[in-house]
Amino acid sequence: VGAILMGLTSYVPTYLEGSLRVTPIIAGLALAALTIGWPATAAVAGKLYLRWGFKRTSAAGVTLVIAGATVLVTMAHRPHVGVVATVCFVIGAGMGLLAVPTLIAAQSSVDWNERGVVTGNNMFARSLGSAIGVAIFGAIANSIFGQGDIHSIGPAAIRSGSAAVFAGVLVVAAATAIAVVAMPRTPPSPQDASETDDILG
């Protein structure tokens, strides 16, 4: 989750500004679609995983992320602000369905006295993924950007570098799908259901 998020937030604006010469505001608004899709589905994720279970809800989320990342890769050399914004919304929607159930599933797998540790480990893993992801994606992008004069990086180089980063995001999403498949098919307990109702209001 952390690596995917950092890969998009770091390079979608660069991609749009460099390949289409749009203003930073437009590039930021396109990326902001991700932050709209995420809470929109996170708000209903609790009801979905109570009905479908953690694994199926997470699988639906990672499917949306993979679909969005695939479109980004295939459309990288034909940039369009509207397409990127739509894809960011889809990926954000997938992240909302992925991040919430996996966290609650981890919390539900231990006793109450260990839930703080599990939550902390989950947050640490996301932060670690963000750090490693942005470092790897940065190395990939710079290896392509650095093939020419650093002061005259053209749109073609920006597109190629961004396409490589988006491909990396797709690989991470595929690895996440494998992890979701490995999750036990355990429905939430009645206690978890009451807790979720309290949290969601």
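Values in this document were obtained by computation on a predicted structure and should not be read as measured data.

Colleague: Go over the nonpolar core with me, naming the residues and quoting the values.
Modeller: Val 12, Leu 16 and Ile 91 are the most contacted members of the largest nonpolar core, which totals 34 residues. Secondary structure elements with two or more residues in this core: helix H1 (2-20), helix H2 (24-52), helix H3 (54-75), helix H4 (81-108), helix H5 (115-145) and helix H6 (155-182). For Ile 91, the residues in contact, after removing those within four places along its chain, are Leu 8, Leu 34, Val 65, Gly 68, Ala 69 and Leu 72. Among the nonpolar cores identified, the runner-up in size contains nine residues, and Tyr 49, Phe 54, Val 62 and Ile 104 belong to it.

Colleague: I'd like a rundown of empty space enclosed by the protein, residues and numbers included.
Modeller: Inspection of the entire model under this criterion finds one cavity of 30 Å³ or more. Size it by volume and the largest cavity reaches roughly 40 Å³. Considering the residues around the largest cavity, the lining is formed by Tyr 15, Val 71, Leu 72, Met 75, Ala 76, Arg 78, Pro 79, His 80, Val 83, Val 84 and Val 87. Going through the elements one at a time, H3 and H4 are the ones with two or more residues in the lining of the largest cavity. Looking at the lining of the largest cavity residue by residue, the classes come out as nine nonpolar, one polar and one charged.

Colleague: Provide a residue-level description of the layout of surface pockets, including the pertinent values.
Modeller: Approximately 360 Å³ is the volume found for the largest pocket. Taken together, 17 residues line the largest pocket, and the ones lying closest to its centre are Val 1, Thr 102, Asn 122, Thr 176 and Ala 179. Broken down by secondary-structure element, the contributors of at least two residues to the lining of the largest pocket are H1, H4, H5 and H6. Split by residue class, the lining of the largest pocket holds eleven nonpolar, five polar and one charged.

Colleague: Outline the environment of Met 123, listing residues and values.
Modeller: With respect to the helices, strands and loops of the structure, Met 123 is situated in helix H5. In this structure the C-alpha to C-alpha distance between Met 123 and Leu 103, which are 20 residues apart in sequence, comes to 9.0 Å.

Colleague: With reference to specific residues and values, describe unusual backbone geometry.
Modeller: Even without being glycine, Arg 21 reaches a positive phi, approximately 60°. Within the secondary structure, Arg 21 is located in the loop between H1 and H2.

Colleague: Describe in detail the packing of aromatic side chains, supporting the description with residues and values.
Modeller: Tallying each qualifying case throughout the model produces two aromatic pairs. Their ring planes at 85° and their centres at 5.4 Å tell us that Tyr 15 and Phe 166 sit as a pair that is edge-to-face. One end of the pair, Tyr 15, is in helix H1; the other, Phe 166, is in helix H6, and 151 residues separate them in sequence. Overall, the relative accessible area of 1% leaves Phe 166 in the buried class. Both rings, one in Tyr 49 and one in Phe 54, keep their centres 4.9 Å apart while their planes meet at 40°; by these two values the pair is tilted. Phe 54 matches Tyr 49 in its accessibility class, with the two residues each being buried. The ring centre of Trp 112 lies 4.5 Å from the NZ or CZ of Arg 115, which sits over that ring.

Colleague: Which residues make up the confidence of the model for the protein, and what values do they have?
Modeller: On average, the protein scores 88 in pLDDT, and the residues at 70 or more come to 89%. The lowest-confidence element of the protein is helix H7 (residues 190-200), averaging 48 in pLDDT; the highest-confidence one is H3, averaging 95. Predicted confidence is poor over residues 196-201, with pLDDT under 50, and the contacts of this stretch with residues over four places away or in other chains come to seven contacts.

Colleague: Report on the packing of H4 against H5, specifying residues and quantitative values.
Modeller: Put simply, H4 and H5 touch, their axes get as near as 8 Å, and they point 145° apart. For the pair H4 and H5, the sense of crossing is right-handed. Here H4 contributes Ala 99, Thr 102, Leu 103, Ala 106, Gln 107 and Ser 108 to the contact with H5, which in turn contributes Arg 115, Val 118, Thr 119, Asn 122, Met 123 and Arg 126. Of the residues assigned to the contact of H4 with H5, the class counts are five nonpolar, five polar and two charged.

Colleague: Summarise the environment of Ile 4; cite the residues concerned and give the values.
Modeller: Relative to the helices and strands, Ile 4 resides in helix H1. Separated by 126 residues in sequence, Ile 4 and Ser 130 have C-alpha atoms that sit 7.7 Å apart. Beyond its immediate chain neighbours, meaning those up to four positions away, Ile 4 contacts Val 65, Met 95, Val 169, Val 172, Ala 173 and Thr 176.

Rules used throughout
- Residues numbered from 1 in each chain as written.
- Predicted model: local features only at pLDDT ≥ 70, side-chain atom pairs only at ≥ 80, totals over all residues.
- Heavy atoms only, no water.
- Core = buried A, V, L, I, M, F, W, Y, C linked by side-chain atoms within 4.5 Å.
- Buried < 20%, exposed > 50% of the residue type's maximum accessible area, 1.4 Å probe, protein only.
- Helix = DSSP H or I, 4+ residues; strand = E, 2+ residues; numbered from the N terminus.
- Contact = heavy atoms within 4.5 Å.
- 1 Å grid on protein atoms, 1.4 Å probe; cavity = no way out; pocket = protein on both sides within 12 Å on 5 of 7 lines; lining within 4 Å.
- Points joined across faces, edges and corners; volume = space filled by probe spheres on them.
- Nonpolar A, V, L, I, M, F, W, Y, C, P; charged D, E, K, R; others polar.
- Phe/Tyr/Trp six-rings, centres within 6.5 Å; stacked < 30°, edge-to-face > 60°.
- Lys NZ or Arg CZ within 6 Å of the ring centre and 35° of its normal.
- pLDDT = per-residue confidence, 0-100.
- Axes fitted to C-alpha atoms, helices over the stretch in contact; angles between N-to-C directions.
- Left-handed = near helix turned anticlockwise from the far one by under 90°.

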